[in-house]
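Secondary and tertiary structure notes
Each chain is listed here by its residues.
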Amino acid sequence: MIEDLADRLFAEIAISGAPGWPPGGAGASESWGRLAELGLPLALVPEEAGGPGLDLVEALELVRAAGRHALALPLAETMLANHILAEAGLPVAPGAATILCGGPQDQVSLRRAGSGWTLAGRAFRVPWASVAETLVVVAPGEAGPCVARLEAGAFTVEPGRNLAGEPRDAVLFDTELRAEQVRPAGRAGGPDVVRRRGAALRSLALAGALERVLALTVAYAGERSQFGKPIGRFQAVQQSLAEMAGHVAAGAAAAGGAAEAFAGADLLPIAAAKVRTGEAAGRAAAIAHQVHGAIGFTQEHILHRFTGRLWSWRDEFGDEAEWSLALGTQAVEAGPDGLWPLVTAA
Amino acid sequence: MTEVLNFPPPPAADVRSLRADVRAFLRDALSGRRPRDRARTWTGFDAEFSRELGRRGWIGMTWPKRYGGHERSALERYVVLEEMLAAGAPVAAHWISDRQSGPLLLKFGTEAQRTAILPRIAAGECFFCIGMSEPDVGSDLAAVRTRAVPVEGGFRINGTKLWTTYGHRSHYMILFCRTGSQEERQAGTSQFLIDLATPGISVRPVTDLSGESHFNEVVFTDVFVPSSALIGRLGGGWDQVMGELAFERSGPERFLSSFVLLPELLRSLGPEASERARIAAGRLVAHLVTLRRMSRSVAGLLERGENPALQAAVVKDLGAVFEQELPEIVRGLTSTEADLAAADDLASTLAHLVLNAPSFSLRGGTREILRGIIARGLGLR
Ligand SMILES: Cc1cc2nc3c(=O)[nH]c(=O)nc-3n(C[C@H](O)[C@H](O)[C@H](O)COP(=O)(O)OP(=O)(O)OC[C@H]3O[C@@H](n4cnc5c(N)ncnc54)[C@H](O)[C@@H]3O)c2cc1C
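For every chain, the first residue of its written sequence is number 1, and the numbers climb from 1 along that sequence. Whichever chain is written first becomes A and whichever ligand is written first becomes 1, with later ones labelled in order. Local features in a predicted model are, by the rule used here, given only for residues with pLDDT of at least 70; side-chain atom pairs are given and counted only at 80 or more, and totals for whole chains, interfaces and linings are based on all residues. Working from all heavy atoms in the structure, the side-chain values ignore hydrogens and water.

A word on the sheet that holds strand β7 (residues 168-177) of chain A. Residue and element names in this part refer to chain A. Strand pairing is defined by DSSP finding a minimum of two bridges between the two strands. Helix and strand definitions here come from DSSP, where helices need a minimum of 4 consecutive H or I residues and strands a minimum of 2 consecutive E residues; each element is numbered from the N-terminal end. The four strands are arranged β2-β3-β7-β6 in an open sheet whose pairing can be described as antiparallel. Each having just a single partner strand, β2 (107-113) and β6 (156-158) make up the two edges of the open sheet. With strand direction ignored, the average angle separating the axes of adjacent strands in the sheet is 10°. Bridge count for β6 against β7 is three bridges, and the pairing is antiparallel. Looking at β7, one finds that Glu-158 is bridged to Ala-170. Each axis is a line fitted through C-alpha atoms, taken for helices only over the stretch in contact, and angles between the N-to-C directions span 0 to 180 degrees.

Encoded structure:
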């Protein structure tokens, strides 16, 4: 299975200590090359567009696996960017690619200019923009949403980072595009659909990281001894870890629902997954740090690679409040008699 | 450790027409039933309602036809259960017999016990109660004291069971008791099929926080039962009762006990609900959707013959947190004063649930016991 293969590869990459990006980071491009060799960046691309034609739910397990290993490479972003390009009938990206998150402050305008287009705008917290060779912009157009494909050089980047040190950059563009660089979005959908799919990816990544944080914490509770016995033998610690396991299990299950909903970009399962994994992230990170004591509160210990991502990924592509609001609005519209049918349709 | 996280995707099956049938039936059958009464759902006793479900083939759904069952899938049964709970149908009379007593007899009962009892359960005519807890025996079930002593032709039983839900309105009890020495703990226990009309059994209702009487003290004084009342193996009670608990913990009633409050909340908020209220309600929907997925996953594992006792403990623990926080969140959003006697549906439903919520993390295994089971699943004990 592709997930097992990816698990082994990501583990090797993580163990080799390569922090991945930013460029110049030792071994980053070599690691990326290994992913590319296996065709992983094309995992969500159908066969006729040059991808492996995997079942989407299976392919999305790559993102969970990447989360499990805190893979410091823009794999999920490139997978999504290529998915959108392929759905819109544009050529897939040759290297690392990324997409806009569609946050409330992003501004994009796409206008006809002669036989081509003018694309202008600014976007914030764009994942891995500083290393992406291709930027995919989904813009509302006069006749429905369009997808534009920008090469490095056509946009400028103001670097930023998330709590785990991953690039989250502001991006500025004002550029002329040839007709063939822009296509109607088709099944790729508008910015709201991209945000949903991005949220599905982050749910899966969160689920992977949650799994690992639980494993690390359970293992540590078995190794660390105080008062003459492993701390995992104290009932107070056991109860905390059991609580954490519940959150992790719920996150994993919810993310599975998001993976199934990815193709149709269905709001309910994806929003539920982002809310549930986000909530699990906060609780699990807190318990993990409590159980690890002071050593977990250092950059020397591996835990922070995972908890840092939990704290950031829960905010990205919409936090719990944003997706809860979307769900709550659906519930209010469904009304008292429509609520249960809404829930059972998911 | 991975077992704790093993919630495979729920089996896909087309259950739309069954769901539509159940919904149509419930719409008629429950019309005019107030939310406060709906909130009782699987603690609401209505023998006539249970008989009607039996007539419709919605009890003992997965059992073999020769025992009065209907050989439907676990997922079809799940649909019926969740629709009943979401609508707040009064299903308590047959709930325990359908959920655990019947399946226990199916697995460990003698042929005579099965043929005598199972068809009557499936018909919605035969109700069971659970005889596990005692005055001094709660979480530590292996310390059970009620004792059955072998006598000519059977056993003589003495002891007291407590918290026996609907013991006063049931026909039978599955009794878990001691047949060996106290020191043997688990090994010295057995299960019996007790006809509650047997002389020497007295049942005294106990009143709960909200003033209702559903559970009881059941005292056994020199009660004689024939040898044929033994279920399974003499001394095999512990493994059997653990299997029974797996059934008891795995269903959708473990996260839907407060559900009827959620539509009432939406009714009270109306279409102009504030952003704050939508966020809070939406978060509850996210939890509900996730719990339901996990619970259906457990149903799928059961269907495949696996033993998801650990996953059931996870769902029950998370489910109780959800059921207990729901009334608290509704209070915070609506400033409703809980009042059992209020004409206002939200106020009376809220009152019922505030008074019942403490039991959600006690009955069927306490939060601490469930988390102990999960910790064992993680390899910590
Ligand atoms: C509404 C309701 C219906 C019920 N229906 C039935 C029924 O039909 N049949 C039946 O047999 N029983 C029934 N019960 C009883 C139920 O199974 C028991 O309440 C439950 O097993 C806990 O036992 P206890 O109440 O004696 O609490 P105890 O076991 O005395 O526990 C009290 C507290 O101590 C904690 N505790 C106990 N042991 C440990 C430990 N090892 N580690 C950490 N904490 C611990 C518990 O978690 C709890 O918080 C019902 C209970 C309720 C509330």
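Picking up after the structure, the text goes on.
Turning our eyes to something else, we now look at the packing of aromatic side chains. Residues and elements named next belong to chain B. Here the aromatic set is Phe, Tyr and Trp, taking the six-membered ring for Trp, and pairing holds for ring centres within 6.5 Å; pairs whose planes are under 30 degrees apart are stacked, those over 60 apart are edge-to-face, and all others are tilted. All chains considered together, the criterion is met by eleven aromatic pairs over all chains. With centroids separated by 6.4 Å and ring planes inclined at 40°, the aromatic side chains of Trp-42 and Trp-95 adopt a geometry described as tilted. With Trp-42 in the loop between α2 (35-38) and α3 (47-55) and Trp-95 in helix α5 (residues 92-108), the pair connects residues that are 53 residues apart, well separated along the chain. Pair check on accessibility: Trp-42 and Trp-95 agree, each one buried. Judged by centre distance (5.7 Å) and plane angle (85°), the rings of Phe-45 and Phe-127 are edge-to-face. Here the term buried applies to any residue with accessible area under 20% of the maximum for its type, exposed to any over 50%, and partly exposed to those in between, with areas from a 1.4 Å probe on protein chains only.

Turning our eyes to something else, we now look at the domain arrangement of chain B. Residues and elements named next belong to chain B. Throughout, the edges of the domains are those of an automatic or database domain assignment. Domain boundaries assigned for chain B yield domain 1 (12-126), domain 2 (130-235) and domain 3 (251-377). If you average the C-alpha positions of domain 1 and of domain 3, the two centres end up 21 Å apart. Any two residues having at least one pair of non-hydrogen atoms within 4.5 Å are treated as being in contact. Listed by partner, the interface residues are 21 residues for domain 1 and 24 residues for domain 3. Summed over both partners, the accessible surface that disappears when two parts come together, traced with a 1.4 Å probe, is what is meant by buried area. The junction of domain 1 with domain 3 conceals about 1,900 Å² of combined surface from both sides, 59% of it contributed by carbon and sulfur atoms. Counting the surface domain 1 buries against domain 3, the share from its top three residues, Arg-36, Trp-42 and Tyr-78, is 32%. Salt bridge criterion: a side-chain nitrogen from Lys or Arg within 4 Å of a carboxyl oxygen from Asp or Glu. One can count three salt bridges joining domain 1 with domain 3. Residue Arg-99 pairs with Glu-253 through a salt bridge whose shortest N-O separation is 2.7 Å. Pairs of N or O atoms are called polar contacts if they sit within 3.5 Å, as long as, within protein, a hydrogen donor faces a hydrogen acceptor (for residues adjacent in sequence, only side-chain-to-side-chain pairs). For the pair domain 1 and domain 3, the number of links is eleven residue pairs in polar contact (both at pLDDT 80 or more).

This paragraph deals with the site of the ligand. Distances are taken per atom, and a residue is near a molecule or strand as soon as one of its heavy atoms is within 4 Å of it. In the vicinity of the ligand there are 15 residues, among which Ser-133, Ser-139, Trp-163, Thr-366 and Glu-368 of chain B approach most closely. Each of chains A and B places residues near the ligand. The contact in question runs from a nitrogen atom of the ligand to an N or O atom on the side chain of Thr-165 of chain B, over 2.7 Å. Here, Shrake-Rupley sampling with a 1.4 Å probe gives the accessible areas, and only protein chains in the shown set may cover a residue. Compared with its free state, where it exposes 970 Å², the ligand has 65% of that area covered by protein. Think of it as three bins: nonpolar holds Ala, Val, Leu, Ile, Met, Phe, Trp, Tyr, Cys and Pro, charged holds Asp, Glu, Lys and Arg, and polar takes everything else, Gly as well. Residue composition of the shell around the ligand, by class: five nonpolar, eight polar and two charged. When residues of the shell around the ligand are sorted by domain, at least three fall in each of domain 2 (130-235) and domain 3 (251-377) of chain B.

With that settled, consider α3 of chain B. All names here are of chain B. Those residues of α3 that sit buried are Ala-47, Phe-49, Ser-50, Leu-53 and Gly-54. In an axial view of α3, the angular spread of the buried residues amounts to 160°, which keeps them on one side of the axis. Contacts from the buried residues of α3 go to α1 (16-29), α4 (74-87), α5 and α6 (111-122). The opening residue of α3, the one whose side-chain oxygen lies 3.2 Å from the backbone nitrogen of Glu-48, is Asp-46. Directions drawn from the helix axis to the C-beta atoms are what define this arc.

What follows covers the confidence of the model for chain A. A residue's pLDDT is simply how confident the predictor is in it, with values from 0 to 100. Across chain A, pLDDT averages 94, with 96% of residues at or above 70. Across residues 18-24 of chain A, where pLDDT falls below 50, the model places 20 contacts with residues more than four positions away in sequence or in other chains.

Moving on to the pairing of strand β7 (residues 213-226) of chain B. All names here are of chain B. Taken together, the eight bridges between strand β3 (residues 154-162) and β7 define a ladder with antiparallel strand orientation. Bridge assignment links Phe-155 to a residue of β7, and that residue is Val-225. In terms of strand pairing, strand β6 (residues 201-207) meets β7 through seven bridges, oriented antiparallel. Considered in β7, the bridge of Arg-204 is made with Glu-217.

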